[in-house]
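Per-entry structural report
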Amino acid sequence: ESELSTRIDEAYTRIHPEDLSSVQQAMQDHFEGLTETYEVEHRIRCKDGSWKWVLSRGKVVSRDPAGRALRMVGTTTDITATRGLAEQLRHTIDLMTNLTNEIPGVVLQYRLGPDGVGAFNFASNGITDIYEVPASAALASAAPVLDRIHPEDRDAYHASLIASAADLSPWHVEYRVLLPRQGLRWHQADGRPSRAADGSTIWHGLIIDITNRKRAEEELRSLARIDFLTQLPNRRFFREKMELELHRIRRAACMQAAVIMLDIDHFKSINDRYGHAAGDSVIRSFADLLRNEIRRQDAAGRLGGEEFAVVLCGAGSDEAGALAARLRDRIAENPADVDGRPIPFTVSIGISVMTDADDNPDAPLARADTALYQAKQAGRDRIEFCLSPDSLQPHASHLRSEVTPALTLTLGQSDRCRLAE
């Protein structure tokens, strides 16, 4: 105590130069009666020359008749450790903020209240990139973000949050968003929920853009479903289309669809004579003719090798026979072109009809295959019909259905446009 005076002027000499003006201003404001108390944090110099953070509080307890301060009492508390922790915390927060802002996507804390109203407690700057909404706007209200979700996916998005909140299970959902600048994008949200004291559910998680991944997945699905050589549906995908058509027939109760199987005649001879590259050209040429002749609602597929199939939605045997005859005309008029060299070819065709009596698509496909076999046996370049199920002929047993023709109609080269009564 002997080394310190009680004069304010002398105390000011121990205050850090960077803090002096704020301390003097705070004290002067209190002396003039502008504040109820005096309170300020600042640094003071210790005897050894080091600096210490203190919290000074005071209050004038005596004034002269003119209102001038005469006496003030107060406390000075060492807050160096507290300030150190606060500084460490600030650095940690800055570090975490900088790190989260560098992560692709949105690092978030999302709160869903007991009243069902959601809000972002924290969102990294990535929210601007993948939602095209400023972080400040998202923190003010979750509505601008939720409005970006595709209308068809909003119910699933909200249902995933409710399910996660119900049993505190991990949150995972994939959904589409519609953005003003980027258009349609795919997002994936993942988070871990916890329950707050007021009954709210709080998720800490991450939302990322998965549009490129979704596009790659779609390309892989297409590759798995489309025949590379012809770009027509492969056997598996064509059967799926037949299943969809069979479901539609069953819903309509009185509808049907024609099923046509087609096989390029003497294809092995084409390969042996012209080479496999020419054989591929013949297959592509026929696929193009087939694609151009069917309607938009119909489906054509390559079942394998030189074998193709068509399902004509809502059509019967008459329409199928007309299409088959038209295809044979087109093939006769348009031989395959291989490096400027025409390669003529013909096809054998089998036709059946799919109705709601069929248990699965294999049954009408087997009947068409039976008719195709008969066209081959009868000399090729023909159209045969197999319209009613009974039992399957041995050659078509691989199709796992038991049918045989109750009626077979044959159209030769000279009468291909006339259907037998």
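Keep in mind that this is a model prediction, so the values were computed, not measured. Position labels on residues start from 1 in each chain and follow its written sequence. In keeping with the model being predicted, local features are shown solely for residues with a pLDDT of at least 70 and side-chain atom pairs are shown and tallied solely at 80 or more, while totals for entire chains, interfaces and linings include all residues. Working from all heavy atoms in the structure, the side-chain values ignore hydrogens and water.

**A few points about the confidence of the model for the protein chain**
Do not read the predicted coordinates in detail wherever pLDDT is low. Predictor confidence is given residue by residue as pLDDT, running from a minimum of 0 to a maximum of 100. Overall, the predicted model of the protein chain reaches an average pLDDT of 85, with 89% of residues at or above 70. Ranking the helices and strands of the protein chain by mean pLDDT puts strand S6 (residues 171-179) first, with 95, and strand S16 (residues 410-411) last, with 40. Across residues 391-421, confidence stays below pLDDT 50; counting only partners more than four residues off in sequence or on other chains, it has 77 contacts. For helices the rule is a DSSP run of H or I covering at least 4 residues; for strands it is a run of E covering at least 2, with both sets numbered from the N terminus onward. Any two residues whose heavy atoms approach within 4.5 Å at even a single point are treated as in contact.

**A look at the pattern of salt bridges**
A pair is scored as a salt bridge if a Lys or Arg side-chain nitrogen falls within 4 Å of a carboxyl oxygen belonging to Asp or Glu. Enumeration over the complete set of coordinates arrives at 33 salt bridges. For the salt bridge of Arg181 with Glu132, the shortest nitrogen-to-oxygen distance reads 3.9 Å. Taken together, the residues Arg181 in the loop between S6 and strand S7 (183-195) and Glu132 in the loop between helix H4 (126-131) and helix H5 (135-140) connect sequence positions 49 residues apart. Using a relative accessible area of 16% as the deciding quantity, one classes Glu132 as buried. Between Arg328 and Asp381 there is a salt bridge; the shortest N-O distance is 3.0 Å. With Arg328 in helix H12 (residues 317-333) and Asp381 in the loop between helix H13 (362-377) and strand S15 (383-385), the pair connects residues that are 53 residues apart, well separated along the chain. Per-residue accessibility, obtained with a 1.4 Å probe over protein chains only, is compared with the maximum for each type, and a residue is labelled buried under 20%, exposed over 50%, and partly exposed between these values. Of the residues examined, Arg328 reaches a relative accessible area of 3% and is grouped as buried. Taking relative accessible area as the criterion, Asp381 reaches 22% and is therefore assigned partly exposed. Ionic contacts of the salt-bridge type, sharing partners, join the residues Glu174, Arg213, Lys214 and Glu217 into one network.

**Notes on the sheet that holds strand S2 (residues 51-63)**
By this definition, two strands are paired if DSSP reports at least two bridges between them. Strands sit in the order S1-S2-S3 across an open sheet of three strands; the sheet is antiparallel. With one partner strand each, in any of the chains shown, strand S1 (38-45) and strand S3 (69-78) form the two edges of the open sheet. Ignoring strand direction, the axes of neighbouring strands in this sheet form an average angle of 35°. Pairing analysis gives eight bridges linking S1 to S2, with the strands arranged antiparallel. The partner of Tyr38 across the bridge, within S2, is Gly58. Every angle, taken between N-to-C directions, lies between 0 and 180 degrees, and every axis is a line fitted to C-alpha atoms, over only the stretch in contact when it is a helix.

**Considering the sheet that holds strand S5 (residues 118-123)**
Two strands in a sheet stick together by hydrogen bonds in their backbones, pointing the same way (parallel) or opposite ways (antiparallel). Pairing in this open sheet of five strands is antiparallel, and the strands run S5-S4-S8-S7-S6 from one edge to the other. The sheet is open, and its two borders are formed by S5 and S6, each paired with just one other strand. For this sheet, the mean angle separating the axes of adjacent strands, direction not counted, is 30°. Looking at chain direction, S6 and S7 are connected through nine bridges and run antiparallel. In the sheet register, Leu179 faces S7, and the bridge partner there is Gly183. Across the sheet, helix H7 (residues 154-167) lies against strand S4 (106-112), S6, S7 and strand S8 (201-209), angled at about 155° from S6, the strand it touches most. Running at roughly 115° to S7, helix H8 (residues 211-225) makes contact with S6, S7 and S8 of the sheet.

**Brief notes about the environment of Ile8**
Mapped onto the secondary structure, Ile8 falls in helix H1 (residues 8-12). Put simply, Ile8 and Gln24 are 16 residues apart on the chain and 9.9 Å apart in space, counted from C-alpha to C-alpha. Sequence-distant contacts of Ile8, defined by excluding residues within four places in its chain, comprise Met27 and Phe31.

**Quick word on the packing of helix H11 (residues 276-293) against H12**
Following both chains from N to C, one finds H11 and H12 inclined at 135°, their axes separated by 10 Å at the closest point. Of the possible angle classes, the one that applies to H11 and H12 is oblique. The handedness of the crossing between H11 and H12 comes out as right-handed. Residues Phe286, Leu289, Leu290 and Glu293 of H11 pack against Leu323, Arg326, Leu327, Arg330 and Ile331 of H12. Should an angle fall under 35 degrees it is taken as roughly parallel, and over 145 as roughly antiparallel, whereas 65 to 115 is taken as roughly perpendicular and any remaining angle as oblique. When the near helix sits turned anticlockwise from the far one by under a right angle, the crossing is termed left-handed; a clockwise turn instead gives a right-handed crossing.

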